[in-house]
Structures are given as C-alpha cells and as structure tokens.
Amino acid sequence: MTKEVSIKITGRQTDETGQASKISVSLCGEWYERGSSVYVFYDEKDPDNGAVTKNALKLSGSVVTHSRKGAVTSQMTFEAGRNMKTDYRTPYGSFLLELRTETVSILRAEDACTVRIVYELYADDAFLSANQLTVRIRSLR
C-alpha cells in the first residue's frame, strides 16, 4: 500500500575550515512498504534551472540507502560504523566520495518515521565535511 507523506529534510554541514551551513527542505512524496523495508520516493526540483532529481530512501533494519537519479545521480548507503564509497555525478562532473557513517537512528511509528544520520564525507582521503541529517516523514492521511 502506498501512502502520501510530507517529508522534512534538515541538515547541518561543517566543512574543513569549520564553516557551518544548514539546509531545510519540505517536500511531498510517497511511502511504500515491502517486507520489512520502507521506501520513500520524492522529487527535488533545482530552483535555478528546474532540473528534476528523483529520490528514493530505503530504510531496512538499521541501514539507510539514498538513491538519486536525474540532474544528480548517486547511491549512498549509511550504516553505523561502516565506510562506503559512491560515485556522485552532477552536471559539472563526477566525484568519488567516501561516507564514514558514525550513527544511524530510525524511529518508526505507524504513520511517521524519523531518520537521523551522522557522517563524515571524504574525497581522495581528504576530509570535506562533518554532516548531521534528519529526515522526518509523516503520513498526510
């Protein structure tokens, strides 16, 4: 069964110089359950050029996978204590990134879910940023 959901994504990123930035985005999407996994689908539209990127979040146990296809293409897997490499493709080129996930928290209720991820991002073993990401998903029905 598919449910319509509201999605609020907030993030904090601190770069190698200590400069912090925050993001906050509210979107609508769809929630789908298959077996013991939850899938959340939503589209992002670039405010500058209107390009659309399709997003899919897969929540399975204590692992979160974020797939993006479109203007930006990547697949990031977050699992506490694990390092993962991913090819991050943008209109400006591709980058090989490494995710070093510290913690993943998934709190599920019947009509809601909150995901919190703390991770560091590296390119060529060079530190890029420390990141905190929170995704709040709520049923619209």
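Just so we're clear, the structure is a prediction, and the values are computed from it rather than from any experiment.

Turning our attention to the pairing of strand β3 (residues 37-45). As paired strands, strand β2 (residues 20-34) and β3 are joined by six bridges and run antiparallel to one another. What sits directly across from Gly29, in β3, is Tyr42. A loop of two residues connects β2 with β3, the two strands running antiparallel in sequence, and Gly35 in this loop sits at a positive phi of about 60°. As defined by bridge partners, β3 adjoins strand β4 (residues 52-60) across nine bridges and the pair is classed as antiparallel. In the strand pairing of β4, Ser37 is matched with Ser60.

Taken as a whole and assessed by the stated rule, the structure comprises four aromatic pairs. Relative to Phe127, the ring of Tyr122 lies with its centre 5.6 Å away and its plane at 75°, an arrangement referred to as edge-to-face. Through a chain of ring-to-ring contacts, three or more aromatic side chains come together here, namely Tyr32, Tyr39 and Phe41. In this structure, Arg100 packs its charged tip against the face of Tyr122, placed 3.7 Å from the ring centre.

Turning our attention to the nonpolar core. If you look at soluble globular proteins, the nonpolar side chains tend to sit buried side by side. Counting 26 residues, the largest nonpolar core has Val40, Val64 and Phe78 as its most contacted members. Breaking this core down by element, the ones donating at least two residues are β1 (2-15), β2, β3, β4, β6 (74-79), β8 (93-108), β9 (112-123) and β10 (126-139). At six residues, β9 tops the list of elements feeding residues into this core. Here Val64 is in contact with Leu57, Lys58, Leu59, Met76, Thr77, Phe78, Val104, Ile106, Val115 and Ile117, once residues within four sequence places are set aside.

Taken as a whole and assessed by the stated rule, the structure comprises eight salt bridges. Two residues, Glu33 and Arg108, come together in a salt bridge whose shortest N-O distance is 3.2 Å. In this pair, Glu33 sits in strand β2 while Arg108 sits in strand β8, placing the two residues 75 residues apart along the sequence. Judged by relative accessible area, which is 35%, Glu33 ranks as partly exposed. Residue class for Arg108 comes out partly exposed when judged on its relative accessible area of 43%. Here Arg100 and Glu98 are joined by a salt bridge, their closest N and O atoms 3.4 Å apart. Residue classification places Glu98 among the buried residues on the basis of a relative accessible area of 11%. Linked through salt bridges whose partners overlap, the residues forming this network are Glu98, Arg100 and Asp125.

Rules used in this analysis
- The residue numbering used here restarts from 1 in each chain and proceeds along that chain's sequence as written.
- Local features in this predicted model are restricted to residues whose pLDDT is 70 or higher, and side-chain atom pairs enter the listing and the counts only when it is 80 or higher, whereas totals over whole chains, interfaces and linings include all residues.
- In computing side-chain properties, one takes all heavy atoms of the structure into account and sets aside hydrogens as well as water.
- Paired strands, in this sense, are two strands between which DSSP finds at least two bridges.
- A run of H or I in DSSP becomes a helix once it reaches four residues, and a run of E becomes a strand once it reaches two; helices and strands are each numbered from the N terminus.
- Centres within 6.5 Å make a pair out of two Phe, Tyr or Trp rings, where for Trp the six-membered ring is used; the pair is then stacked when the planes are under 30 degrees apart, edge-to-face when over 60, and tilted otherwise.
- In our convention, an over-ring charge means Lys NZ or Arg CZ found within 6 Å of a ring centre and within 35 degrees of that ring's normal.
- For our purposes a nonpolar core is just a set of buried Ala, Val, Leu, Ile, Met, Phe, Trp, Tyr and Cys residues, chained together by side-chain atoms within 4.5 Å.
- Partly exposed residues are those whose accessible area sits between 20% and 50% of the maximum for their type, while under 20% is buried and over 50% is exposed, using a 1.4 Å probe and protein chains only.
- Only heavy atoms enter the contact rule, under which two residues are in contact if any of them lie within 4.5 Å.
- Salt bridges are defined by distance alone: a side-chain nitrogen of Lys or Arg within 4 Å of a carboxyl oxygen of Asp or Glu.

Don't take any of this as a statement about function, it's just geometry.
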